[in-house]
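Breakdown of the fold
Below are the chains, spelled out letter by letter.
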Amino acid sequence: MTEAIRIDPETGRKVFNTRAAKASEKIDGKGYSVVTDQKLRKLPKAPEGATFNAVEQAKYREFKEARRGAADYMAMEGDFRKYLYDVYSEPPIPREALTDECEILVCGAGFGGLLLWQKLSEAGFTDVRFCEKGGDVGGTWYWNRYPGIACDVESYSYLPLLDETGYIPSMKFASGFEILEHCQRIAQKWGFYDHCLFHTTVEDTTWDEESGRWIVETDRGDKMRARFVILANGILTTPKLARIPGMEKFQGKSFHTSRWDYNIDLTGKTLGIIGTGATAIQAIPELAKVVGQLYVFQRTPSSIDVRDQRETTAEEREAWTNESGWAQARRGRFARISEVRAAVLANDDYLAGKVKDFKERKQYDRELTPEERMQKQLDSSFRLMEQVRARVDAIVKDPKKAAALKPYYPYGCKRPTFHDEYLPTFNLPHVHLVDVAPRGVSEINERGVVHEGVEYPLDVLIYATGFQWMGTSTFQKIKGRGGRSLTEKWESEGTRTFLGLHTQGFPNLFIVTGPQGGGGSFNFTDVIYAHADYLIWMMKTMRERGENVVDVRKDPEDKYAQHCAEVDIATAPLRDCISYYNGEGKSRPGALAYYGGRGWDKFRVEAQTSLAPYLFGSDLN
């Protein structure tokens, strides 16, 4: 054994020491600032009588159709593989390849992996191993360390295990750097580091029917065997790169936002950033504070809602310190909010349990038809977007810039963004909005970006082009019964899961927060908790029954997949735009996120009560 791997004399199991050191102390930052200007912290009032009528619907359709097919992304291979390098840690810790066996192998060391370990270990499942491609824990918060990064869901409900660690976030919307430190706090408290192989990427996962084990091969030469495999890779961890002609020619510095290069001093530089989604919204105000010239290349504007950031109060700290289970109770109240904006700007009095509801409920003199209910939702969305667009006019001084910054699609159709400094940034003389709508940047050359014949020379080019939504290369490298890959199954049959966690023909494989597993919450931490609790139940059930293998039957899987598709179709008008949520408009109904709210719980409870959907190993005899 090397220093990276040792044997615990009490258990006889391997203990790992593969956590990599931080690459540089330059990697540091903060999240949202607290803005005191009240004009920036409120939306203008909605115009009287605003309805989503035929004229407005046509405007939305035109905005959408002009962008159809414009999103073109490429794999980071060849010259672009450099954008995937881990720039946050020292090189991998040397270790020998492993060819042994464990009971449970988990892919990922983000919120999902950390919470699973806490729950599994406390339930008595300790023969657990984790593989993580990064050099430390954190998942999304390991890879994303750009200036200005912060959570978009209030941190008191978003961060896991606050009650158990006794930690209270410093801000309502905590910095990503603070969140990463909390992940490390969790790992230290529950001994996670002893169980994790860092800088280790799973490359192939193959079911061996004879032994009832998964054979897991990695880029470190490992060929391990595991009874159970849990995919906790996350939902936005695989970066994607916009395909732009000539991009390989650029001679300046360049990187993707998920691999922020802190060795490049941006002070006084001429910088370009491609993309104006959730990442760019947070980074651009911070970049504008240090660069000489900033060019923002925007194909589609985001909806920029009020952030209203604040520090955690002394009163809250005192109350929560003395209130057992405060975070769990708050997260439970948060989970009852089904509206996007109400969720992200939720009333503190409601979340703290001081009032019974987060809004006044409208009363109707009769039961509304589904069509009437949908129209009211669309009208409400339209009025809110009118407020968002009015906010642009109220803040941005240049009418041409303001017009380009206005989004025309339903609220929440694309990922809603929140910031009180983003729009004012475009009033600064050194910040330039380059409107490349609707098709995007046309070319990149040795010196910089070229669009419609105009060249923009740059010292540094940053790609803020996002991530694959609920997509991971892991899927195509998982081979179940008969050697069929998970990708092959879903491409030929459509996405098929039961609860998003199981997929028939792949026994003892569980997918956390994957396709069809969303659970209908805007707080994905809530979903992770639900999935982790379900997996603990499944592991305990199998142990009590003496079962070694579990699969799901085809009929329950088909029924659940059909349910996901029907819910997707029913709610589609609220998401009538082209975004990563719907695979840039190409995904089949029900193939990605799940919008069924409590329907997931209904399927889960019925399954746990009857056990009818499951095919255990004993059922095969």
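One can find the structure itself at the top, above this paragraph.
First things first, this report covers the structure right here in the doc. (Residues numbered from 1 in each chain as written. Predicted model: local features only at pLDDT ≥ 70, side-chain atom pairs only at ≥ 80, totals over all residues. Heavy atoms only, no water.)

Quick word on unusual backbone geometry
At the junction of A437 and P438, the peptide bond is cis and its omega measures out at -5° in the coordinates. As for its placement among the helices and strands, P438 is situated in the loop between β16 (431-435) and β17 (443-444). Look at E452: it is not a glycine, yet its phi comes out positive at around 50°. In this structure, E452 sits in the loop between β18 (448-451) and β19 (454-457). (Helix = DSSP H or I, 4+ residues; strand = E, 2+ residues; numbered from the N terminus.)

Some details on the side chain of R145
As for its placement among the helices and strands, R145 is situated in the loop between α3 (140-143) and α4 (155-158). The buried charged residue R145 lacks any salt bridge partner; its closest oppositely charged side chain belongs to D86, at an N-O distance of 6.0 Å. A polar atom in the side chain of R145 sits 2.7 Å from the backbone oxygen of Y142. Look past the residues within four positions of R145 in its chain and what remains in contact with it is I27, Y88, F177, L180, W260 and Y262. (Buried < 20%, exposed > 50% of the residue type's maximum accessible area, 1.4 Å probe, protein only. Lys, Arg positive; Asp, Glu negative; His and termini not counted. Salt bridge = Lys/Arg side-chain N within 4 Å of Asp/Glu carboxyl O. Polar contact = N/O pair within 3.5 Å; in protein donor to acceptor, adjacent residues only side chain to side chain. Contact = heavy atoms within 4.5 Å.)

Notes on the packing of aromatic side chains
Evaluated as defined, the whole model comprises 31 aromatic pairs. For the pair F52 and Y60, a centre-to-centre distance of 4.9 Å together with 55° between the ring planes defines the contact as tilted. Taken as a pair, F52 and Y60 share a single burial class, namely buried. An angle of 75° between the planes, with centres 5.1 Å apart, marks the rings of Y422 and F426 as edge-to-face. One exposure class covers both Y422 and F426, and it is buried. One aromatic cluster is present, formed by F498, Y534, W537, Y560, Y594, F603, Y614 and F616 through successive ring pairs. One Lys or Arg, R145, reaches over the ring of Y142 and ends 4.6 Å from the middle of that ring. (Phe/Tyr/Trp six-rings, centres within 6.5 Å; stacked < 30°, edge-to-face > 60°. Lys NZ or Arg CZ within 6 Å of the ring centre and 35° of its normal.)

Describing the pairing of strand β13 (residues 293-298)
Taken across its 6 residues, β13 has 5 buried, putting it largely inside the fold. Bridge count between strand β12 (residues 270-274) and β13: 5 bridges; the pairing is parallel. Of the residues in β13, the one forming a bridge with I274 is F297. Taken together, β12, helix α7 (residues 278-288) and β13 form a β-α-β motif whose crossover is right-handed. Bridge count between β13 and β16: 5 bridges; the pairing is parallel. Note that in β16 the partner of L294 across the bridge is V431. (Pairing = 2+ DSSP bridges. Right-handed = clockwise from strand over helix to strand, strands pointing away.)

Digging into helix α17 (residues 554-571)
Taking 1.5 Å of rise per residue, 18 residues should cover 26 Å, and α17 covers 26 Å from first to last C-alpha, within 8% of that figure. Residues of α17 that are buried make contact with α15 (486-493), β23 (550-552) and α18 (599-610). (Expected span 1.5 Å × (residues − 1).)

Digging into the sheet that holds β19
The 3 strands lie next to each other as β17-β18-β19, forming an open sheet whose pairing is antiparallel. Each of the sheet's edge strands pairs with one partner strand only, and the pair in question is β17 and β19. Looking at chain direction, β17 and β18 are connected through 2 bridges and run antiparallel. Counted as the bridge partner of E443 is V450 from β18.

Structural notes on the sheet that holds β13
Two strands in a sheet stick together by hydrogen bonds in their backbones, pointing the same way (parallel) or opposite ways (antiparallel). Judged by pairing direction, the sheet is parallel, and its 5 strands sit side by side in the order β11-β20-β12-β13-β16 without closing on themselves. Every other strand in the sheet has two partners, leaving β11 (253-256) and β16 as the edge strands with one partner each. The mean angle between the axes of side-by-side strands here comes to 15°, regardless of whether they run parallel or antiparallel. (Axes fitted to C-alpha atoms, helices over the stretch in contact; angles between N-to-C directions.)

Let's talk about the nonpolar core
Within the largest apolar cluster, 111 residues are counted, with the highest numbers of intra-cluster contacts made by F192, I273, L294 and Y614. Look past the residues within four positions of I273 in its chain and what remains in contact with it is A280, I284, L287, L294, Y295, V296, F297, I462 and A464. By size, the runner-up hydrophobic cluster in this structure holds 25 residues, among which are C131, V202, L486 and V549. (Core = buried A, V, L, I, M, F, W, Y, C linked by side-chain atoms within 4.5 Å.)

A closer look at the state of the cysteines
For the structure on display, the rule yields 1 disulfide. Across a sulfur-sulfur distance of 1.9 Å, C413 and C577 are joined as a disulfide pair. Classification of the bridge connecting C413 and C577 rests on its S-S torsion, roughly -115°, and on that basis the disulfide is left-handed. Pair noted here: C413 is in the loop between α13 (399-404) and β15 (417-418) and C577 is in the loop between α17 and α18, with a separation of 164 residues, a long-range link. We classify C577 as buried; its relative accessible area is 6%. Of all cysteine sulfurs, the one in C131 lies closest to C107, which takes part in no disulfide; the gap is 6.0 Å. (Disulfide = S-S within 2.5 Å.)

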